[in-house]
Amino acid sequence: MARRRGRSCRRLVAARIIGGPLAPNIRGWAYFTPAAGGSWVSVRVSGLPEYMPATNSRPPIGPHGLHIHLYGTCAVGNPADPFLAAGEHWNPDNQLHGNHAGDLPVLFSNDGVAKMRVFTNRFRPNQVVGKSIIIHMYPDDYRTQPTGASGPRLACGVIKNYRICGNRISPKPPTSCC
Ligand SMILES: [Cu+2]
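All values derive from a computational prediction rather than experimental measurement.

Scoring rules and cut-offs
For every chain, the first residue of the written sequence is number 1, and numbering continues from 1 along that sequence. Only residues with pLDDT of at least 70 are given local features in this predicted model, and only at 80 or more are side-chain atom pairs given and counted; all residues enter the totals for whole chains, interfaces and linings. Nonpolar core, as used here: buried Ala, Val, Leu, Ile, Met, Phe, Trp, Tyr and Cys residues forming one set through C-beta atoms within 7 Å. With C-beta atoms placed from the backbone, a residue counts as buried when 20 or more other C-beta atoms lie within 10 Å of its own, as exposed when 12 or fewer do, and as partly exposed for counts between those limits. Think of it this way: any DSSP run of H or I at least four residues long counts as a helix, any run of E at least two long counts as a strand, and we number them from the N terminus. Here contacts are defined at the residue level, using C-beta atoms placed from the backbone and a cut-off of 7 Å between them. Between any two strands, pairing holds if DSSP finds at least two bridges.

Caption draft 1: Summary view of the nonpolar core. Formed by 36 residues in total, the largest nonpolar core has its most connected members in I17, I26, A30 and I135. If you list the elements that add at least two residues to this core, you get β2 (7-19), β3 (27-35), β4 (38-46), β5 (64-69), β6 (103-107), β8 (132-136) and β9 (153-165). At six residues, the largest contribution of residues to this core is made by β9. Not counting the four nearest positions on each side in its chain, I17 is found in contact with I26, R27, G28, W29, A30, V45, I133, I135, A155, C156 and G157.

Caption draft 2: Region of the structure containing unusual backbone geometry. The linkage connecting G62 with the following residue, P63, adopts the cis geometry, with an omega of -15 degrees. Looking at the secondary structure, you find P63 in the loop between β4 and β5. The omega torsion of the bond from Q145 to P146 falls at -5 degrees, within 30 degrees of zero and hence cis. With respect to the helices, strands and loops of the structure, P146 is situated in the loop between β8 and β9. Phi is positive for D111, which is not a glycine, with a value near 50 degrees. Within the secondary structure, D111 sits in the loop between β6 and β7 (114-120). Phi is positive for A149, close to 55 degrees, though the residue is something other than glycine. As for its position among the elements, A149 is in the loop between β8 and β9. For A149, a count of 16 C-beta atoms within 10 Å corresponds to the partly exposed category.

Caption draft 3: Highlighting the pairing of β4. Alignment of β3 against β4, held across nine bridges, turns out to be antiparallel. Note on β4: the bridge partner recorded for Y31 is S42. What sits between β3 and β4 in their antiparallel hairpin is a turn of two residues, with G37 showing a positive phi close to 80 degrees. Note: β4 against β7, seven bridges, orientation antiparallel. Residue W40 lies in a different strand from β7, and its bridge partner there is F119.

Caption draft 4: Looking closely at the environment of Y138. Here Y138 lies in the loop between β8 and β9. A tally of 22 C-beta atoms within 10 Å means that Y138 is categorised as buried. In the structure, Y138 is positioned 121 residues away from I17 in sequence and 17 Å away in space, judged by C-alpha atoms. Setting aside residues no more than four positions away along its own chain, Y138 makes contact with P59, P60, I61, G65, A149, S150 and G151.

Caption draft 5: Spotlight on the pairing of β9. By the bridge criterion, five bridges tie β8 to β9 in an arrangement that is antiparallel. Across the sheet, the residue bridging to I135 is A155, located in β9. Looking at chain direction, β9 and strand β10 (residues 168-170) are connected through three bridges and run antiparallel. When the bridges of β10 are listed, C165 appears paired with R168. From the end of β9 to the start of β10, which pair antiparallel, there are two residues, and G166 there has a positive phi angle of about 65 degrees.

See the structure below:
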């Protein structure tokens, strides 16, 4: 652990998640930490929409599809169909959806709050820096190709290197501290 100005600092791969025009109250973080043989992915968000059962014309709202997408941009683009600039699911080894490296379990809302920690052996934290994480409106069915039929994109975060010094998290690259 490196020390600078008397504080201990460490590097953290993370994404600050912010809701787009379809769910502007969403706020949260995703953290990607090393694990034996892969990564822990920890997601904490608030402001998710209320669960609504499926109707004849649309799937249920929630639990929410969650994926790592290819490009590290959260440009909103079309407000009615936002965050398309993040591209498709991150799928470096050309798998079917359900087995994309960027596929993750759905997020369950608890009065708008979701907290989930999941292990994946599909990547190390460094490998997802520069990509994005997206929360969708509908559940992932893990079979519809290539999207899982998760529907519109509610929230987005670009996965970056952050540093934590004491309790502070700042978006400076790790070369400046650790
Ligand atoms: Cu997605």
